[in-house]
Amino acid sequence: MKMIFRWFPGGDDSVTLDQIRQIPGVSGIATMLSDIPAGEVWPLERLKDLKKKINSAGLEMEVIESVNIHEDIKKGLPTRDRYIENYIHTLQNLSEIGVKCLCYNFMPVMDWVRSNLAFPLKDGSTVMYYNHEDVLQMNPSRIAKEMFARSEGYTLPGWEPERLKAMAEDIDFYQNMSEEEYWKNLKYFLDAVIPYAEKLDIKMAIHPDDPPFSLYGLPKVIRNAESIRRFLNLNSSPYNGLTFCTGSLGADMENDIPSMIKESVSGGRVHFAHIRNVKHLDNKVFMETAHLSSCGDLDMYRVVKAFHDNGFDGYIRPDHGRMVWGEKARPGYGLYDRSMGITYLLGLWEAVHKGSLETCNRNKLDGGEAYEIDRSLE
């Protein structure tokens, strides 16, 4: 397992690489070229420069989050083949600089939605908040306006300018597309890209829909255990896998997160994990919280144990954090709360790991053989 930290280059992040390097246990960065429009090839020279900058700070660059998929691919339009070719070209360039894992999503029109990016808590911190009825009463342009007003001047992944221009038109387009058609378009993309991912040794890790509810009549594909099974069966390659996001999937109170982790990880199909907590205030009303179990509805010990005990050996990052101590940053992506989240998650991982070793050795001792307890942490 490797603990990493999401970082946006080009002056588009309040957090510096030097600060990230000082977080105990962090080995690398998940990053992207956020100024490259969806469908265009990521230039190799820019990727080399980015890798050099990150490596110079003593950090690895093995994970990209994410290369956006052009809407024509999702729509299944004749132009999709050209954009898929560009996507494959980008994969080839990523392979040249040693990228091992690519987080992406297949969410139509908008990647994620919140109704409030700075919902105040009693302790004075703020969090991102979602109320389904509030969102339904706002049109997408109003949501975008309110989100950007709270963005602290930073870009919002999934809400790029080129998407906003066509958002209303794109939403209308999907009203005439069935979910089955959308699944077919996803399979078309996978069957074209996964063979190259295998050759290039890049694990493709799809992110769940966020939130995992039907919204504006848009199709949702990665939202629960059943849909994850269907997705993984679309292409059986081990390079066709998941970014398991506990917060996105945990937004649906029906999802049994530890059980879903166990099933997906034991099958070797989870390559990346976003681990965070979520607090439900009502059905389809939730807020993102501190990572601590007692702050939300997810048992983070059981979450981490499910990853560990089922052999997870991919990448983990803390997901959206609160804004605390007066920090001004991209919503969800400040330094302080995510750093605390990392320390908490690594502490849980160490406790689970050492506990499992002691249990294993104790069982061996009970069997009459003398073994020294291994107290190392992998």
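Just above, that's the structure.
What counts, and at which threshold
- Residues numbered from 1 in each chain as written.
- Predicted model: local features only at pLDDT ≥ 70, side-chain atom pairs only at ≥ 80, totals over all residues.
- Heavy atoms only, no water.
- Buried < 20%, exposed > 50% of the residue type's maximum accessible area, 1.4 Å probe, protein only.
- Helix = DSSP H or I, 4+ residues; strand = E, 2+ residues; numbered from the N terminus.
- Pairing = 2+ DSSP bridges.
- Phe/Tyr/Trp six-rings, centres within 6.5 Å; stacked < 30°, edge-to-face > 60°.
- Lys NZ or Arg CZ within 6 Å of the ring centre and 35° of its normal.
- Arc of directions from axis to C-beta.
- Contact = heavy atoms within 4.5 Å.
- Salt bridge = Lys/Arg side-chain N within 4 Å of Asp/Glu carboxyl O.
- Axes fitted to C-alpha atoms, helices over the stretch in contact; angles between N-to-C directions.

Caption draft 1: Seen up close, the pairing of strand E12 (residues 315-318). A two-sided burial pattern is seen for E12, the buried positions comprising Tyr315 and Arg317 on one face and Ile316 and Pro318 on the other. The pairing of strand E1 (residues 2-6) with E12 spans two bridges and is parallel. In the sheet register, Lys2 faces E12, and the bridge partner there is Tyr315. Note: strand E9 (residues 270-275) against E12, four bridges, orientation parallel. Note that in E12 the partner of Ala273 across the bridge is Ile316.

Caption draft 2: Region of the structure containing the packing of aromatic side chains. Enumeration over the complete set of coordinates arrives at 13 aromatic pairs. Residues Phe244 and Phe307 carry aromatic rings whose centres are separated by 6.1 Å and whose planes lie at 85 degrees to one another, so their mutual orientation is edge-to-face. Linking Phe244 in strand E8 (residues 240-245) with Phe307 in helix H13 (residues 300-309), this pair joins segments that are 63 residues apart in sequence. For the pair Phe244 and Phe307, a shared accessibility class is recorded, and that class is buried. Look at Phe307 and Phe312: their rings are 5.2 Å apart centre to centre, the planes differ by 65 degrees, and that puts the pair in the edge-to-face class. An aromatic cluster of at least three residues, connected via ring pairs, comprises Tyr87, Tyr104, Phe106, Phe173, Tyr174, Tyr182 and Phe189. In this structure, Arg330 packs its charged tip against the face of Phe8, placed 3.7 Å from the ring centre.

Caption draft 3: Representation of helix H12 (residues 257-266) in the model. Within the sequence span of H12, burial applies to Ile257, Pro258, Met260, Ile261, Ser264 and Val265. For H12, the angular spread of buried residues about the axis comes to 160 degrees, placing them on one side. Along its buried surface, H12 packs onto helix H10 (225-234), E8, helix H11 (246-250), E9 and H13.

Caption draft 4: Quick look at the pattern of salt bridges. Per the stated rule, a full pass over the model turns up 25 salt bridges. Residue Asp35 is joined to Arg46 by a salt bridge in which the shortest nitrogen-to-oxygen separation is 2.9 Å. Of this pair, Asp35 sits in the loop between strand E2 (26-31) and helix H2 (44-56) while Arg46 is found in helix H2, placing the two residues 11 residues apart along the sequence. Overall, Asp35 belongs to the partly exposed group, its relative accessible area being 49%. A salt bridge links Glu65 to Arg317, with the nearest nitrogen and oxygen atoms 2.8 Å apart. In this pair, Glu65 sits in strand E3 (residues 60-65) while Arg317 sits in strand E12, placing the two residues 252 residues apart along the sequence. Taken together, the shared-partner salt bridges connect Arg6, Glu65, Arg114, Asp210, Arg276, Glu288, Arg317 and Asp319 into one network.

Caption draft 5: How the structure looks around the sheet that holds E9. In space, the eight strands of this closed barrel follow the order E1-E2-E3-E4-E7-E8-E9-E12, with parallel pairing throughout. If you compare each strand with its neighbour and ignore which way they point, the axes differ by 30 degrees on average. With three bridges connecting them, strand E7 (residues 203-206) and E8 associate as parallel partners. Looking across to E8, one finds that Met204 is bridged to Asn240. Against the sheet, H2 engages E2 and E3, with an angle of about 125 degrees to E3. Sheet strands in contact with H10 are strand E4 (101-104), E7 and E8, and its direction is about 155 degrees off that of E8.

Function cannot be inferred from these measures alone, as they are strictly geometric.
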